[in-house]
Amino acid sequence: MGILDGKTILVTGIFTERSIAYAAAELAQREGATLIFTGFGRRSKITQKIIQRLPAPGPVLELDATSQSDLDSLHSRIKEHTDNLDGIIHCISASKPEAVGAGFMTADWDDLSTSLQVSGASLQAVTKACLPVLNDGASIVGVTLDGTPVWPIYGWAGVAKATYESTNRYLAYHLGTRKIRTNLVACGPLDNFTVAAIDGIESTDGVWESRAPLGWDRTNLAPVAKAVVALLSDWFPATTGEILHVDGGYHVMGM
């Protein structure tokens, strides 16, 4: 028996086999979960292709986190495949190039609003969209980079991470009456498409590896996937609004 036996989970954010969402989905299936996936625009076809490599491919629903029509219809489209959800894996983020790095000081609202809406507030938007089909006691898990310090290469994407963390705490408060838990996993950098697209990411080469007490392997998605699956399970029944660091202990270190 797996720790997710009998649970149905919505998975967002699969783009390649190196996606954190893919690693978490693969492990979730091995632990007994039934999965429904979302894709975005032209990436939906890529998502459909990638999930064929999972033990049990499932349906892929169109979901643009900035489209109110997509959000409004999400729960009814989920109902075509299951009566209820027991969890959500939230791995949605996006920023315009003009808003990251040195662009922090020159970005205008049209540039930076994408970061705040997609990377920051979509956790609430997707959760709200799923509420009609979320079981009491369900678990929502997002993945982030620690939003507490300044990450110069992130710019407004970093501000969005702080927004994401605050959104997680407020969701924990508002969903508590239904015993729905919401938590985040803050991980170190991993070798995948999303991280590689960050301008200046090479400046972090060797930093986590040398400073994290446990070390850090950018090629290994398993620690993050295990944390996501554990939080989706019933093993953390009284944990919500939390940020679980899976970064080899990097976040505890000073200068």
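Everything below is about the structure printed above this text.
Since we're looking at a predicted model, the values are computed, not measured.

### So, the overall build of the protein
Now for step 1: Within the protein, the regular secondary structure consists of 8 helices and 7 strands.
Now for step 2: Relative to its length of 255 residues, the protein is compact, with a C-alpha radius of gyration of 17 Å against a globular reference of 18 Å.
Now for step 3: Over its C-alpha atoms, taken along the principal directions, the protein stretches across nearly 50 × 40 × 40 Å.
Now for step 4: The buried share of the protein, taken over its 255 residues, is 52%.
Now for step 5: Counting only carbon and sulfur atoms, one obtains 56% of the accessible surface of the protein, whose full area is about 12,100 Å².
Now for step 6: Put simply, the protein has 20 plus and 27 minus side-chain charges, and the middle of one group is 4 Å from the middle of the other.

### Describing the pattern of salt bridges
Now for step 1: For the structure on display, the rule yields 5 salt bridges.
Now for step 2: Across the pair Lys7 and Asp234 runs a salt bridge whose closest N-O atoms are separated by 3.1 Å. Separated by 227 residues along the polypeptide, Lys7 in the segment before strand S1 (8-11) and Asp234 in the loop between helix H8 (222-232) and strand S7 (243-246) bring together distant segments of the chain.
Now for step 3: Between Arg218 and Glu209 there is a salt bridge; the shortest N-O distance is 2.7 Å.

### Section: the sheet that holds strand S3 (residues 60-62)
Now for step 1: Sheet architecture is open: 7 strands sit in the order S3-S2-S1-S4-S5-S6-S7, paired in parallel fashion. Strands at the two margins of the open sheet, each flanked by one partner only, are S3 and S7. Averaged over all pairs of adjacent strands, the angle between strand axes in this sheet comes to 20 degrees, irrespective of strand direction.
Now for step 2: As defined by bridge partners, strand S4 (residues 85-90) adjoins strand S5 (residues 134-144) across 5 bridges and the pair is classed as parallel. Within S5, the position partnered with Gly87 by the bridge is Ser139.

### What to know about the packing of aromatic side chains
Now for step 1: Applying the stated criterion across every chain, the model contains 4 aromatic pairs.
Now for step 2: Aromatic pair Phe104 and Trp156: ring centres 4.7 Å apart, planes at 20 degrees, arrangement stacked. Of this pair, Phe104 sits in the loop between S4 and helix H4 (109-130) while Trp156 is found in helix H5 (residues 156-175), placing the two residues 52 residues apart along the sequence.
Now for step 3: For Phe104, a relative accessible area of 34% translates into the label partly exposed.
Now for step 4: Note on Trp156: relative accessible area 18%, which makes it buried.
Now for step 5: Ring centres of Trp151 and Trp208 lie 5.4 Å apart, and the angle between their planes is 25 degrees; this geometry places the pair in the stacked category. Highlighted residues: Trp151 in the loop between S5 and H5 and Trp208 in helix H7 (residues 207-211), separated in sequence by 57 residues. As far as burial versus exposure is concerned, Trp151 and Trp208 are alike and both buried.
Now for step 6: Pairwise contacts between aromatic rings join Trp151, Trp208 and Tyr250 into one cluster.
Now for step 7: The lysine or arginine in question, Arg43, covers the ring of Phe15, its NZ or CZ lying 4.2 Å from the ring centre.
Now for step 8: Its end group placed over the ring of Tyr164, Lys161 keeps NZ or CZ at 5.8 Å from the ring centre.

### Points about the packing of H4 against H5
Now for step 1: Running from N to C, H4 and H5 point in directions that differ by 20 degrees, and their axes come no closer than 8 Å. Compared by their axis directions, H4 and H5 come out roughly parallel. Note on packing geometry: the crossing formed by H4 with H5 is right-handed. Judged by residue contacts, Leu112, Ser115, Leu116, Ser119, Gly120, Leu123, Gln124 and Thr127 of H4 engage Trp156, Ala157, Val159, Ala160, Thr163, Tyr164, Thr167, Asn168, Leu171 and Leu175 from H5.
Now for step 2: In terms of residue class, the contact of H4 with H5 is built from 10 nonpolar, 8 polar and no charged.

### Re unusual backbone geometry
Now for step 1: Phi at Lys179 takes a positive value of approximately 60 degrees, unusual for a residue other than glycine.
Now for step 2: Along the chain, the position of Lys179 falls in the loop between H5 and strand S6 (181-187).

### Some words on the packing of helix H3 (residues 68-78) against H4
Now for step 1: Packing of H3 against H4 leaves a shortest axis separation of 7 Å and a crossing angle of 45 degrees. Between H3 and H4, the angle is such that the two are oblique. Classified by chirality, the crossing of H4 by H3 is right-handed. Mapping the contact onto sequence places Leu71, Leu74, His75 and Ile78 in H3 and Ala125, Val126, Ala129 and Cys130 in H4.

Calculation notes
- Residues numbered from 1 in each chain as written.
- Predicted model: local features only at pLDDT ≥ 70, side-chain atom pairs only at ≥ 80, totals over all residues.
- Heavy atoms only, no water.
- Helix = DSSP H or I, 4+ residues; strand = E, 2+ residues; numbered from the N terminus.
- Rg over C-alpha atoms; globule rule 2.2 N^0.38 Å.
- Buried < 20%, exposed > 50% of the residue type's maximum accessible area, 1.4 Å probe, protein only.
- Areas by Shrake-Rupley, 256 points an atom, 1.4 Å probe, with all protein chains shown as cover.
- Lys, Arg positive; Asp, Glu negative; His and termini not counted.
- Charge placed at Lys NZ, Arg CZ, Asp CG, Glu CD.
- Salt bridge = Lys/Arg side-chain N within 4 Å of Asp/Glu carboxyl O.
- Pairing = 2+ DSSP bridges.
- Axes fitted to C-alpha atoms, helices over the stretch in contact; angles between N-to-C directions.
- Phe/Tyr/Trp six-rings, centres within 6.5 Å; stacked < 30°, edge-to-face > 60°.
- Lys NZ or Arg CZ within 6 Å of the ring centre and 35° of its normal.
- Parallel < 35°, antiparallel > 145°, perpendicular 65-115°, else oblique.
- Left-handed = near helix turned anticlockwise from the far one by under 90°.
- Contact = heavy atoms within 4.5 Å.
- Nonpolar A, V, L, I, M, F, W, Y, C, P; charged D, E, K, R; others polar.

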